[in-house]
Amino acid sequence: RHPISLNHIWDKFLHPRMFVAPALSRAYPTHRHGQPEHSMLLMLQGRKHFVHWPNDAAEHLYEIKLGTQTETGDRVFMANPFTNDSSQQPDMVKAQGGYEGVVHEGELLYVPRG
């Protein structure tokens, strides 16, 4: 038997990634992570307006069928939660049970796996 190293656990199960963005930027389009993972958003400066929908809301978010999947199997959607024009996205009103808020400088948003 071979002992399991911390590096093996880190690489196989944790999949750490860090994204850094300049002022007035937004995440790539609305998306759902393909691999179940915990997410943390640490706001170093400024603020970030976010919307988080439950898994079962995906059918109302206008999925973009990509020719190839992202490296982590993410699903990408056209839904824009910051547009109140229901004539352009009429199904979005059916996406219930989500959370919306603002993360301010010095705050941490934790989104558990799943």
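Not measured: the values here are computed from a predicted model.

Notes on the overall build of the protein
Within the protein one finds one helix and seven strands. Burial analysis of the protein (114 residues in total) assigns 20% to the buried set. Taking the intrachain contacts of the protein between residues at least 6 apart in sequence as the baseline, contacts between residues at least 24 apart amount to 71%. Counting every atom, the protein has about 9,300 Å² of accessible surface; 56% of that belongs to carbon and sulfur.

Quick notes on the side chain of H60
Here H60 shows up in the loop between strand 3 (47-52) and strand 4 (63-64). H60 has contacts with D91, M92, K94 and A95, leaving out every residue within four places of it along the chain.

A look at unusual backbone geometry
Positive phi is not limited to glycine here, since Y62 has a value of about 60°. Position of Y62 among the secondary structure elements: in the loop between strand 3 and strand 4.

A look at the environment of H49
Residue position: H49 is located in strand 3. The exposure class assigned to H49 is partly exposed, which follows from its relative accessible area of 38%. Ignoring any residue separated from it by four or fewer positions in sequence, one finds H49 in contact with F82, E100, G101 and V102. Separated by 2.6 Å, the side chains of H49 and E100 make a polar contact.

Comments concerning a nonpolar patch on the surface
There is a patch of nonpolar side chains on the surface, built from M40, L42, L44, L108 and Y110 and spanning about 600 Å² of accessible area. Taken together, the elements giving at least two residues each to the nonpolar patch come down to strand 2 (39-42) and strand 7 (108-111). Residue placement: M40 occurs in strand 2.

As for the confidence of the model for the protein
A residue-level look at the protein finds 77% of positions with pLDDT of 70 or above and a mean pLDDT of 79. Ranking the elements of the protein by mean pLDDT puts helix 1 (residues 6-14) last with 63 and strand 6 (residues 99-104) first with 92.

The rules behind the values
Chains are numbered independently. Their residues run from 1 in the order of the written sequence. Side-chain atom pairs in this predicted model are given and counted only at pLDDT of 80 or more, local residue features only at pLDDT of at least 70, and totals for whole chains, interfaces and linings cover all residues. Only hydrogens and water are set aside when side-chain values are computed; all heavy atoms of the structure are taken into account. Helix and strand assignments follow DSSP, with helices taken as H or I runs no shorter than four residues and strands as E runs no shorter than two, numbered in order from the N terminus. Burial status follows relative accessibility: with a 1.4 Å probe on protein chains alone, a residue under 20% of its type maximum counts as buried, one over 50% as exposed, and anything between as partly exposed. Contact criterion: two residues are considered in contact whenever any of their non-hydrogen atoms come within 4.5 Å of each other. Note on areas: these come from Shrake-Rupley sampling with a 1.4 Å probe, and a residue is covered only by the protein chains present in the view. Here a polar contact is recorded for every N or O atom pair within 3.5 Å, except that within protein the pair must consist of a potential hydrogen donor and a potential acceptor, and residues adjacent in sequence are included only if both atoms are side-chain atoms. Surface patches are drawn from residues lacking salt bridges whose relative accessible area is over 30%; two like charges belong together within 9 Å, two nonpolar side chains (Val, Leu, Ile, Met, Phe, Trp, Tyr) within 5 Å. Take a side-chain nitrogen of Lys or Arg and a carboxyl oxygen of Asp or Glu: if they are within 4 Å of each other, that pair is a salt bridge. The predictor attaches a confidence to each residue, called pLDDT, with possible values from 0 through 100.

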